[in-house]
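Residue-level structural notes
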Amino acid sequence: MIWVMGIFYVLLTLGAYLISKLLYRKTKFLLFTPFLIAPLAIAALLMSTGVEYDTYNHGAKVITKLLQPATVAFAIPLYRYSGLLWKHRKAMLIGIGSGILLSLGTTLLLTAIAQMDAGTVRSLLPHSVTTPLAMLLSETLKGDPQVSVLFTIMTGIAGMVLGPIVIRLFRIKHEVSKGLLLGVGAHAAGTAKAFELGEQEGAIASVVTIVTALLTLLVAPALVSLLGIA
Amino acid sequence: MKKITALLLQIGALVLFSWLGNLLADWLHLPIPGTLVAILLVFALLHAGVLKLSWLEAGADFLIANLVLFFIPSAVVLMKHTEYLASHAVGIALVVVLGTFLIMALSGTLTERLINKRKDEEPQ
């Protein structure tokens, strides 16, 4: 019986995804982005029927398993646009550096304003880093990796909605800048949005996501010990 | 039918590569995730001409086009933490929404400026 329910949760996830994708395509309304609507709809359904998250995820995690090969697939656009990446390496490195410093800086500043506890601050610091590396960084910073995953996901959702708004508001025209801001601000979710905008944007965002994660992993622990947030 | 078979085979190949990447990272005790090893491996094989773009691109494009789907089950985890999120709502909203907005706005405009400056300097 368990496997029947497992298949049901996989189909439920697929259904929620396809419906939200269709809805988004028809309306083009940013809040209808599938990464926001589909999880909320599934969560609402599970909570109203009294199903635990772990019961759901026991079946649905099959879908999560495809995340790794989908990430490996980034190699293809990277290869196609390696010339573009190389040409703009300097501008990209400066853009990434500014994004990382701003991510750590705004987190420290805004959590201080909101008077949050040190544990939450340390779990929030990796929020712009892609999930597996955010967990690793959270552990290094003595945060709670599970809580960090939560913040990383929320940042991804926020970035998918905010990215196109930023691009319009600040009149960002170049595909490199578009891909960069999505990758540096919203990691893999931003990369998914970048691929919606175009293949070049997506290739840029995927590189930026990886470089941002690795550099943050290097910089953040030093910054935290320097500022003495322990 | 032929197209679907090719698509499934290509996705299968990418699954194989990601498995291989994890294996290599584990074996060689590399400090980077296996997925990154797999990306570098596929990139190198494409560059060396061992792999042809046409052998993988349909599968890769399909997976990338549906990237968001693979994140959905992990995002549903939010339902487990509603109380924690509600009690920290203001701070989290500030960091996640305002913070991300500022990061994107600054890094995007800065990069755009640098690229335009370079364009102006290049001889036409």
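Residues numbered from 1 in each chain as written. Chains lettered and ligands numbered in written order. Predicted model: local features only at pLDDT ≥ 70, side-chain atom pairs only at ≥ 80, totals over all residues. Heavy atoms only, no water.

1. Examining the overall build of chain A
- Looking only at helices and strands, chain A has twelve helices and zero strands in total.
- When the helices and strands of chain A are listed from N to C terminus, the series reads α-α-α-α-α-α-α-α-α-α-α-α.
- Taking 2.2 N^0.38 as the reference for a compact globule, 230 residues should give roughly 17 Å; the C-alpha atoms of chain A span a radius of gyration of 18 Å, in line with that estimate.
- For chain A, the spread of C-alpha atoms along the three principal axes comes to 55 × 45 × 30 Å.
- Burial status across chain A gives 57% buried among its 230 residues.
- Counting contacts in chain A only where the partners sit at least 6 residues apart, residues at least 24 apart contribute 63% of the total.
- For chain A, the exposed area adds up to about 10,000 Å²; of that, 70% sits on carbon and sulfur atoms.
- Across chain A, the mean location of the 17 positive side-chain charges is 12 Å away from that of the 9 negative side-chain charges. (Helix = DSSP H or I, 4+ residues; strand = E, 2+ residues; numbered from the N terminus. Rg over C-alpha atoms; globule rule 2.2 N^0.38 Å. Buried < 20%, exposed > 50% of the residue type's maximum accessible area, 1.4 Å probe, protein only. Contact = heavy atoms within 4.5 Å. Areas by Shrake-Rupley, 256 points an atom, 1.4 Å probe, with all protein chains shown as cover. Lys, Arg positive; Asp, Glu negative; His and termini not counted. Charge placed at Lys NZ, Arg CZ, Asp CG, Glu CD.)

2. Quick look at the packing of helix 2 (residues 34-49) of chain A against helix 4 (residues 67-75) of chain B
- Contact geometry for helix 2 of chain A and helix 4 of chain B: axes closest at 9 Å, N-to-C directions at 40°. The angle between helix 2 of chain A and helix 4 of chain B falls in the class oblique. In this structure, helix 2 of chain A meets helix 4 of chain B at a crossing whose hand is right-handed. Residues A:Pro34, A:Phe35, A:Ala38, A:Pro39 and A:Ile42 of helix 2 of chain A lie in contact with helix 4 of chain B, whose contacting residues are B:Val68, B:Phe71, B:Ile72 and B:Ala75. (Axes fitted to C-alpha atoms, helices over the stretch in contact; angles between N-to-C directions. Parallel < 35°, antiparallel > 145°, perpendicular 65-115°, else oblique. Left-handed = near helix turned anticlockwise from the far one by under 90°.)

3. Examining the domain arrangement of chain B
- By the assigned domains, chain B splits into domain 1 (1-67) and domain 2 (81-124).
- A separation of 31 Å is found between the C-alpha centroids of domain 1 of chain B and domain 2 of chain B. (Domains from an automatic or database assignment.)

4. Looking at the nonpolar core
- Core analysis: the biggest nonpolar cluster contains 105 residues, and A:Phe35, B:Val42 and B:Val76 have the highest contact counts within it.
- The residues that make up this core include at least three from each of domain 1 (1-67) and domain 2 (81-124) of chain B.
- Discounting residues that sit within four places of it in the chain, B:Val76 has contacts with A:Pro39, A:Ile42, A:Ala43, A:Leu46, A:Tyr53 and A:Tyr56. (Core = buried A, V, L, I, M, F, W, Y, C linked by side-chain atoms within 4.5 Å.)

5. Notes on the layout of surface pockets
- Quantified by volume, the largest pocket comes out at close to 940 Å³.
- Taken together, 40 residues line the largest pocket, and the ones lying closest to its centre are A:Leu67, A:Gln68, A:Thr131, A:Pro132 and B:Phe71.
- Elements supplying a minimum of two residues to the lining of the largest pocket: helix 3 (53-64), helix 4 (67-72), helix 9 (131-140), helix 10 (145-169), helix 11 (175-197) and helix 12 (199-227) of chain A together with helix 2 (34-48) and helix 4 of chain B.
- With five residues, the top contributor of residues to the lining of the largest pocket is helix 3 of chain A.
- Its residues assigned to classes, the lining of the largest pocket shows 20 nonpolar, 16 polar and four charged.
- Lining the second largest pocket are 21 residues, with A:Tyr24, A:Ala192, A:Lys193, A:Glu196 and A:Leu197 sitting closest to its centre.
- Elements supplying a minimum of two residues to the lining of the second largest pocket: helix 1 (2-27), helix 10 and helix 11 of chain A together with helix 3 (53-65) and helix 4 of chain B.
- It is helix 11 of chain A that contributes the most residues to the lining of the second largest pocket, five residues altogether.
- Residues that form the lining of the second largest pocket fall into these classes: 13 nonpolar, no polar and eight charged. (1 Å grid on protein atoms, 1.4 Å probe; cavity = no way out; pocket = protein on both sides within 12 Å on 5 of 7 lines; lining within 4 Å. Points joined across faces, edges and corners; volume = space filled by probe spheres on them. Nonpolar A, V, L, I, M, F, W, Y, C, P; charged D, E, K, R; others polar.)

6. A closer look at the interface of chain B and chain A
- Counting from both sides, the interface comprises 68 residues of chain B and, opposite them, 92 residues of chain A.
- Counting across the interface, chain B meets chain A through three salt bridges.
- Between B:Glu57 and A:Arg80 there is a salt bridge whose closest N-O contact spans 2.7 Å.
- Connecting chain B to chain A are twelve residue pairs in polar contact (both at pLDDT 80 or more).
- Among the elements of the structure, helix 1 (2-27), helix 2, helix 3, helix 4, helix 5 (82-87) and helix 6 (89-121) of chain B are those that each provide at least two residues to the side of chain B that touches chain A. (Salt bridge = Lys/Arg side-chain N within 4 Å of Asp/Glu carboxyl O. Polar contact = N/O pair within 3.5 Å; in protein donor to acceptor, adjacent residues only side chain to side chain.)

7. Re helix 4 of chain B
- Across the nine residues of helix 4 of chain B, eight count as buried, placing the element largely inside the fold.
- Among the residues of helix 4 of chain B, those classed as buried are B:Leu67, B:Val68, B:Leu69, B:Phe70, B:Phe71, B:Ile72, B:Pro73 and B:Ala75.

8. Considerations on the confidence of the model for chain B
- Residue-level pLDDT values for chain B average 92, and 98% of them are 70 or greater.
- For this predicted complex, the interface score ipTM comes out at 0.91, alongside a pTM of 0.89. (pLDDT = per-residue confidence, 0-100.)

9. Some details on empty space enclosed by the protein
Residue and element names in this part refer to chain A.
- Throughout the structure, instances matching the rule amount to one cavity of 30 Å³ or more.
- Looking at the largest cavity, its volume works out to about 50 Å³.
- Forming the walls of the largest cavity are Gly 99, Ile 100, Ser 103, Leu 104, Leu 125, Ser 128, Val 129, Val 184, Thr 212 and Thr 216.
- Among the elements of the structure, helix 7 (89-113) and helix 12 are those that each provide at least two residues to the lining of the largest cavity.
- When the residues that make up the lining of the largest cavity are grouped by side-chain class, the tally is five nonpolar, five polar and no charged.

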